[in-house]
Amino acid sequence: MKSAKIIALILVVAAVFSGCSLRISSSMDDLISPISPFGDNADIKSAMDEFAGSGYSLKTPHLGSYITAYNFFDLDGDKSDEAIVFYEPSDNLGTINMALIKKVDDKWRVIDNKKGIGVDVSSLSFEDVDGDGRYEIIVCWDTISNSTNHELAMYDYRKESNKLHCFYKGLTVNNYIAVDMVNDSTPELLMFELNSGDYSTAKAELYSFTSKKARLISETKLDAHITSYNRIQVETVKGENRVFADAIGSNGSSMLTEIIRWSSGYNAIVSPYYSYSSGRTPDTTRSIMITSRDINGDGRIEVPFNDSSVKKLPKAVSCVRWKFYDDGPMAHACYSLMPKGDGYLVIIPDDYISKIDVAYNQEQKLMTVISKKDKKEVFSVRPVLKVKYSKSKYKDYELMFEKKGYYFLAKTGDSGAIKIPLDELKKQVLSIEQD
């Protein structure tokens, strides 16, 4: 076992310094424990140790904003956090429990425990879905490990009895978001369902949970040629919330974005780009594997598309055109250049997009933008491992940002035809994850 731990440590260190992603297998998980709380919350582990006296393994949600072993939130509004912990008891392997831990008389104690649904936990969130001013706990459970579909359940914390109460369960979802679609000041749950079989189907359902009773308000069909909805966002335009759901195509090499809004004319949710005749959402389908986002800071969510405005691009670099939903055809927002897999993109002003050439050095991961007019460098960008960085070696470059063990550096060139000041370039070089 000692040698196995040493091998595990070597593998993890190697992955960190190589900049590669490492998905740790189940056997490796047994060697690496989740980080325990510290400071004022250090004794919360003792509460779990005392409660689960026969031993336990902590479980962590892998989706959403709450992805640690101990997740803190003020459930009862007393300005002190409670904690939600998921764990597998050693005396009942293959099951998962959810413990509610609260500080009582300056000591953390497990005050309630619920048996989970299935064998793992996918996500955890806290939302006020009934409009009473108190937050409910929403958990997506996995009946099968690493499943793309999850069993959604909702709980409330009853302070008077110090108990968790499950008031809703049973719906299978791929993903969801809490959002006020009908503009009544109380969020509904927009649930995304994806079913496979002889005939694959996908749809979004809008549920209200006023008085903690589920009521289906509306539903709309969606493109089923996908594997999962991996990012869901909301933009607000003129008081209306619109949902953008990015999905990975079933071929593994494409993405699409479903846009869902409330139609007062139909009194229902609609997906304006879904085609009922073809069963697809062609207008937002693309081969570029990045999700939608507010790329230019204008408060709108833009959708990325492959673009051919820059001719003779290196194979390692993509030109991306970003568009936004404007109650009709997608409208142009901006252009960007993105070296594939390097973790960044650069916004290119519209005036310059047809006036540049691009070169890329694969060994150095160096992208250089050149003016077509005078054949001189406009700017260059490159990521450099922190452990290989020295200020003297890269003295001509300025730091744009740092991420995952890399410095992202850029410098302006000597082109007289196109001049982009360094301060402007810093605003245009952006960190980005490829999905």
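Residues numbered from 1 in each chain as written. Predicted model: local features only at pLDDT ≥ 70, side-chain atom pairs only at ≥ 80, totals over all residues. Heavy atoms only, no water.

Peer 1: I'd love a proper account of the overall build of the protein chain, names of residues and values included.
Peer 2: Each helix and strand in the protein chain was counted, giving 4 helices and 27 strands. Scored against the burial criterion, the 435 residues of the protein chain give a buried share of 48%. Contacts spanning at least 24 positions in sequence make up 46% of the contacts within the protein chain whose residues lie at least 6 apart. Within the structure as shown, the protein chain displays about 22,000 Å² of accessible surface, and the carbon and sulfur contribution to it stands at 48%. (Helix = DSSP H or I, 4+ residues; strand = E, 2+ residues; numbered from the N terminus. Buried < 20%, exposed > 50% of the residue type's maximum accessible area, 1.4 Å probe, protein only. Contact = heavy atoms within 4.5 Å. Areas by Shrake-Rupley, 256 points an atom, 1.4 Å probe, with all protein chains shown as cover.)

Peer 1: Mind laying out the pattern of salt bridges, listing which residues take part and the relevant values?
Peer 2: Following the criterion strictly, the structure yields 24 salt bridges and no others. Residue Asp76 is joined to Lys102 by a salt bridge in which the shortest nitrogen-to-oxygen separation is 2.9 Å. Of this pair, Asp76 sits in the loop between strand E2 (70-73) and strand E3 (82-89) while Lys102 sits in strand E4 (residues 97-104), and the two are 26 residues apart along the sequence. You can call Asp76 buried: its relative accessible area is 15%. (Salt bridge = Lys/Arg side-chain N within 4 Å of Asp/Glu carboxyl O.)

Peer 1: Residue-level account of the nonpolar core, with values.
Peer 2: Counting 28 residues, the largest nonpolar core has Leu337, Tyr344, Val346, Met367, Phe379 and Val429 as the members making the most contacts within it. Every element with two or more residues in this core is listed here: strand E19 (317-324), strand E20 (331-339), strand E21 (344-348), strand E22 (356-361), strand E23 (366-371), strand E24 (377-385), strand E25 (398-403) and strand E26 (406-412). The leading source of residues in this core is E24, at 4 residues. Look past the residues within four positions of Met367 in its chain and what remains in contact with it is Val317, Leu337, Pro339, Tyr344, Val346, Val358, Ala359, Tyr360, Phe379, Ser380 and Val381. If you look at the next biggest cluster of nonpolar residues, it comprises 21 residues, including Leu190, Ala202, Ala247 and Ile269. (Core = buried A, V, L, I, M, F, W, Y, C linked by side-chain atoms within 4.5 Å.)

Peer 1: Can you explain empty space enclosed by the protein? Please cite residues and give values.
Peer 2: Gaps left between atoms show up when a probe the size of a water molecule is rolled over them. Under the criterion given, the structure shown has 1 cavity of 30 Å³ or more. Of the volumes computed, that of the largest cavity is approximately 30 Å³. Taken together, Ile348, Pro349, Tyr352, Ile356, Val369, Val378, Phe379, Ile418 and Ile420 make up the full set of residues lining the largest cavity. Among the residues making up the lining of the largest cavity, the classes are represented as 9 nonpolar, no polar and no charged. (1 Å grid on protein atoms, 1.4 Å probe; cavity = no way out; pocket = protein on both sides within 12 Å on 5 of 7 lines; lining within 4 Å. Points joined across faces, edges and corners; volume = space filled by probe spheres on them. Nonpolar A, V, L, I, M, F, W, Y, C, P; charged D, E, K, R; others polar.)

Peer 1: Account for the sheet that holds strand E13 (residues 215-221), naming residues and giving values.
Peer 2: Strand order in the open sheet formed by 4 strands is E10-E11-E12-E13, and the pairing between neighbours is antiparallel. Whereas interior strands pair on both sides, the edge strands pair on one side only; in this sheet they are strand E10 (175-179) and E13. When strand polarity is set aside, the average angle formed by the axes of neighbouring strands in this sheet is 20 degrees. (Pairing = 2+ DSSP bridges. Axes fitted to C-alpha atoms, helices over the stretch in contact; angles between N-to-C directions.)

Peer 1: Lay out helix H3 (residues 44-51) with the relevant residues and their values.
Peer 2: For H3, the set of buried residues is Ile44, Ala47 and Met48. Down the axis of H3, the smallest arc covering the buried residues is 95 degrees, so these residues share one side. (Arc of directions from axis to C-beta.)

Peer 1: Which residues make up the packing of aromatic side chains, and what values do they have?
Peer 2: Counted according to the given criterion, the structure contains 18 aromatic pairs. With a centroid separation of 5.5 Å and an interplanar angle of 85 degrees, the aromatic rings of Phe86 and Trp141 are classed as edge-to-face. Linking Phe86 in strand E3 with Trp141 in strand E7 (residues 136-142), this pair joins segments that are 55 residues apart in sequence. Accessibility expressed as a relative area gives 0% for Phe86, which makes it buried. Its relative accessible area of 0% is what places Trp141 among the buried residues. (Phe/Tyr/Trp six-rings, centres within 6.5 Å; stacked < 30°, edge-to-face > 60°.)

Peer 1: Could you give an account of the pairing of E4, naming the residues involved and the relevant values?
Peer 2: A large share of E4 lies buried, amounting to 6 of its 8 residues. The pairing of E3 with E4 spans 5 bridges and is antiparallel. Its bridge partner being in E4, Ala83 is matched across the sheet by Ile101. What sits between E4 and strand E5 (residues 107-115) in their antiparallel hairpin is a turn of 2 residues, with Asp105 showing a positive phi close to 55 degrees.

Peer 1: Can you tell me about the environment of Glu235, naming the residues and giving the values?
Peer 2: Here Glu235 is to be found in strand E14 (residues 226-237). C-alpha of Glu235 to C-alpha of Asp294: the two residues are 59 residues apart in sequence and 9.2 Å apart in space. Not counting residues up to four positions away in its chain, the partners in contact with Glu235 are Glu240, Asn241, Arg242, Phe244, Gly299, Arg300 and Ile301. Within the structure, Glu235 has its side chain in polar contact with the backbone nitrogen of Ile301 (distance 2.8 Å). (Polar contact = N/O pair within 3.5 Å; in protein donor to acceptor, adjacent residues only side chain to side chain.)

Peer 1: Which residues make up the environment of Phe379, and what values go with them?
Peer 2: Position of Phe379 among the secondary structure elements: in strand E24. Assessed through its relative accessible area of 1%, Phe379 is described here as buried. Residues Phe379 and Asp414, spaced 35 residues apart in sequence, show a C-alpha to C-alpha distance of 8.4 Å. Discounting chain neighbours no more than four positions away, the residues touching Phe379 are Val346, Ile348, Met367, Thr368, Val369, Lys411, Thr412, Gly413, Ile420 and Leu425.

Peer 1: Could you give an account of a positive patch on the surface, with specific residues and numbers?
Peer 2: Side chains of Lys311, Lys312, Lys372 and Lys375 sit close together on the surface and give a patch of like positive charge. Tracing the sequence through the fold places Lys311 in the loop between strand E18 (302-306) and E19. (Patch = residues over 30% accessible without salt bridge, like charges linked within 9 Å, V, L, I, M, F, W, Y side chains within 5 Å. Lys, Arg positive; Asp, Glu negative; His and termini not counted. Charge placed at Lys NZ, Arg CZ, Asp CG, Glu CD.)

Peer 1: Summarise the confidence of the model for the protein chain; cite the residues concerned and give the values.
Peer 2: Averaged over all residues, the pLDDT of the protein chain is 89; the fraction at 70 or higher stands at 89%. In this model residues 1-33 is a low-confidence stretch, pLDDT under 50, and it forms 18 contacts with partners more than four residues away in sequence or in other chains. (pLDDT = per-residue confidence, 0-100.)

Peer 1: Please set out the environment of Val139 residue by residue, giving values where relevant.
Peer 2: Its place among the elements puts Val139 in strand E7. Overall, Val139 belongs to the buried group, its relative accessible area being 0%. Each C-alpha atom, one on Val139 and one on Tyr155, is 8.2 Å from the other, the two residues being 16 residues apart in sequence. If we ignore the near neighbours within four places in the chain, the residues touching Val139 are Phe86, Met98, Val121, Ser123, Leu124, Glu151, Leu152, Ala153 and Tyr155.

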